[in-house]
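Single-letter residue listing:
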Amino acid sequence: MKAMISENVVKPVRERRRGLFDATQWWERLSMDQKFGVYQLAKFGYELAFIRNLADAGPLAVVRRNQDYATVSHSGEVNLRPNIVIRD
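Since we're looking at a predicted model, the values are computed, not measured. (Residues numbered from 1 in each chain as written. Predicted model: local features only at pLDDT ≥ 70, side-chain atom pairs only at ≥ 80, totals over all residues. Heavy atoms only, no water.)

A. Quick look at the sheet that holds strand E5 (residues 68-72). Read across the open sheet, the 4 strands follow the order E3-E4-E5-E6; overall the sheet is antiparallel. Each having just a single partner strand, strand E3 (47-54) and strand E6 (78-79) make up the two edges of the open sheet. Sheet analysis places E3 next to strand E4 (residues 58-65), joined by 7 bridges and oriented antiparallel. The residue bridging Leu-54 from the neighbouring strand is Gly-58, located in E4. (Pairing = 2+ DSSP bridges. Helix = DSSP H or I, 4+ residues; strand = E, 2+ residues; numbered from the N terminus.)

Rendered as structure tokens:
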């Protein structure tokens, strides 16, 4: 499967619960502001990991670089030190 968007911003990933998912589908679900934020973080080696849907704030893009995580809110606000729990 090939999933290349804007210089490797999104790569195919094996999702634990549902098998292989198409990362381009995640990319298409991002708002324009989120796409811009994720693209900017990709310049520093981050890749889109997943989207977490929050009842009060809408979709939250979670990006990863090695063991470092960052988030991009629906409005494009980047948080380099998010308070999120990542399952192993």
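B. View of the pattern of salt bridges. All told, the structure shown has 1 salt bridge when counted by the stated rule. Where Arg-65 meets Asp-68, a salt bridge forms, and the shortest distance between an N and an O atom there is 3.6 Å. Overall, the relative accessible area of 30% leaves Arg-65 in the partly exposed class. (Salt bridge = Lys/Arg side-chain N within 4 Å of Asp/Glu carboxyl O. Buried < 20%, exposed > 50% of the residue type's maximum accessible area, 1.4 Å probe, protein only.)

C. Main features of the side chain of Thr-71. As for its placement among the helices and strands, Thr-71 is situated in strand E5. Take Thr-71: its relative accessible area is 5%, and that puts it in the buried class. With residues up to four places along the chain from it excluded, the contact list for Thr-71 reads Leu-60, Ala-61, Val-62, Glu-77, Val-78, Asn-79, Pro-82 and Ile-84. (Contact = heavy atoms within 4.5 Å.)

D. Broad picture of the side chain of Ser-73. Position of Ser-73 among the secondary structure elements: in the loop between E5 and E6. A polar contact of 3.1 Å, which involves the side chain of Ser-73, links it to the side chain of Ser-75. Excluding residues within four positions of it along the chain, Ser-73 makes contact with Gln-34, Pro-59 and Leu-60. (Polar contact = N/O pair within 3.5 Å; in protein donor to acceptor, adjacent residues only side chain to side chain.)

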